[in-house]
Amino acid sequence: RSDLQTTSSSAAEIYTRLSISNAFAVKLQLKFRGNPDGDNRLEFGPYLNDERNLGYRLAYESGNAPSVSLLRIATGRSAIIETYDRGLDLEDGNPHIIEWRRADDGEMIVLLDDKEIIRTVDRAHSDSFKGFNIVNKGGVYELKEISIFGRR
């Protein structure tokens with residue numbers, strides 16, 4: 001089951017309740033379609049509670065220094081675990097493949113078009129996740145072939 005919810009006038013969220021093990025892999029195809037306002041940010045990731053405000057997110061932000069950041073989300077705040085901002089161009093009109101893997105020991109790897117851009121460890125969350133959400137905080141994106149893998 002998926003639900004679409006507007007979280008504020010500047011953000012839209014879609015989520016699905018789905019049991020995801022603590023070790024997981026996410027793969028998706030992303031194509032940037034532009035934004036008339038110029039502020040572009042897309043976040044996605046697994047959440048731990050029904051309010052969807054606890055878990056991890058991968059965030060893409062455009063602008064003068066485009067970046068991909070791995071975030072730890074907690075109620076009312078988020079912390080940047082790692083950021084990649086070197087030579088990133090997701091707004092070239094081409095589709096891009098993003099892969100995000102998390103191992104049992106908390107090691108996380110993010111690949112963009114088969115190139116490793118983030119490798120880090122975070123052990124803050126050790127429980128299974130309850131679902132997956134995508135939050136659009138500005139921009140027009142085309143998402144395809146979203147796959148989420150975890151242990152049973």
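Our subject is the structure that appears above.
Residues numbered from 1 in each chain as written. Predicted model: local features only at pLDDT ≥ 70, side-chain atom pairs only at ≥ 80, totals over all residues. Heavy atoms only, no water.

Undergrad: Any chance you could explain the sheet that holds strand 10 (residues 115-121) here in plain terms?
TA: In sheet architecture, strand pairing relies on hydrogen bonds along the backbone and comes in two forms, parallel and antiparallel. Spatial strand order, 10-9-8-3-12: five strands in an open sheet with antiparallel pairing. Of all the strands in the sheet, the pair left with one neighbour each is strand 10 and strand 12 (140-150). Direction aside, the axes of adjacent strands within the sheet are offset by 15 degrees on average. (Pairing = 2+ DSSP bridges. Helix = DSSP H or I, 4+ residues; strand = E, 2+ residues; numbered from the N terminus. Axes fitted to C-alpha atoms, helices over the stretch in contact; angles between N-to-C directions.)

Undergrad: Even after reading the chapter, I still don't get the nonpolar core, so can you show me in this structure?
TA: In globular proteins that are soluble, nonpolar side chains generally tend to be buried together. One finds Phe44, Leu58, Ile98 and Trp100 to be the most contacted residues of the largest nonpolar core, which totals 29 residues. For this core, the element with the most residues is strand 3 (residues 24-34), which contributes five residues. Not counting residues within four places of it along the chain, the set of residues in contact with Leu58 comprises Leu42, Glu43, Phe44, Val68, Ser69, Leu70, Ile98, Trp100 and Val110. (Core = buried A, V, L, I, M, F, W, Y, C linked by side-chain atoms within 4.5 Å. Buried < 20%, exposed > 50% of the residue type's maximum accessible area, 1.4 Å probe, protein only. Contact = heavy atoms within 4.5 Å.)

Undergrad: Could you clarify how one ought to interpret the pairing of strand 8 (residues 96-102) in this entry?
TA: Two faces, one strand: in a regular strand the side chains alternate between the faces of the sheet. Burial analysis of strand 8 places five of its seven residues in the buried class, the great majority of the element. Relative to strand 8, strand 3 runs antiparallel, the two being bridged by seven bridges. Paired with Phe24 across the strands is Arg102, a residue of strand 8. Taken together, the five bridges between strand 8 and strand 9 (residues 107-112) define a ladder with antiparallel strand orientation. Residue pairing across strands places Trp100 opposite Val110, the latter belonging to strand 9. The turn linking strand 8 back onto strand 9 is made up of four residues, and Gly106 within it adopts a positive phi angle of 90 degrees.

Undergrad: For this particular structure, what's the right way to read the pattern of salt bridges?
TA: Between side chains of opposite charge, pairing is possible as soon as their charged atoms come close. Per the stated rule, a full pass over the model turns up 11 salt bridges. Taking the shortest distance from any N to any O, the salt bridge between Glu61 and Arg41 comes out at 2.6 Å. With Glu61 in strand 5 (residues 55-61) and Arg41 in strand 4 (residues 41-47), the pair connects residues that are 20 residues apart, well separated along the chain. We note a salt bridge from Arg101 to Glu99, for which the minimum N-O separation is 3.0 Å. (Salt bridge = Lys/Arg side-chain N within 4 Å of Asp/Glu carboxyl O.)

Undergrad: Mind showing me how you'd approach unusual backbone geometry here?
TA: Phi at Asp113 is positive, roughly 50 degrees, even though this residue is not glycine. Examined against the element boundaries, Asp113 turns out to sit in the loop between strand 9 and strand 10. Accessibility expressed as a relative area gives 36% for Asp113, which makes it partly exposed. In this structure, Glu145 is a non-glycine residue whose phi angle is positive, near 50 degrees. Relative to the elements of secondary structure, Glu145 occurs in strand 12.

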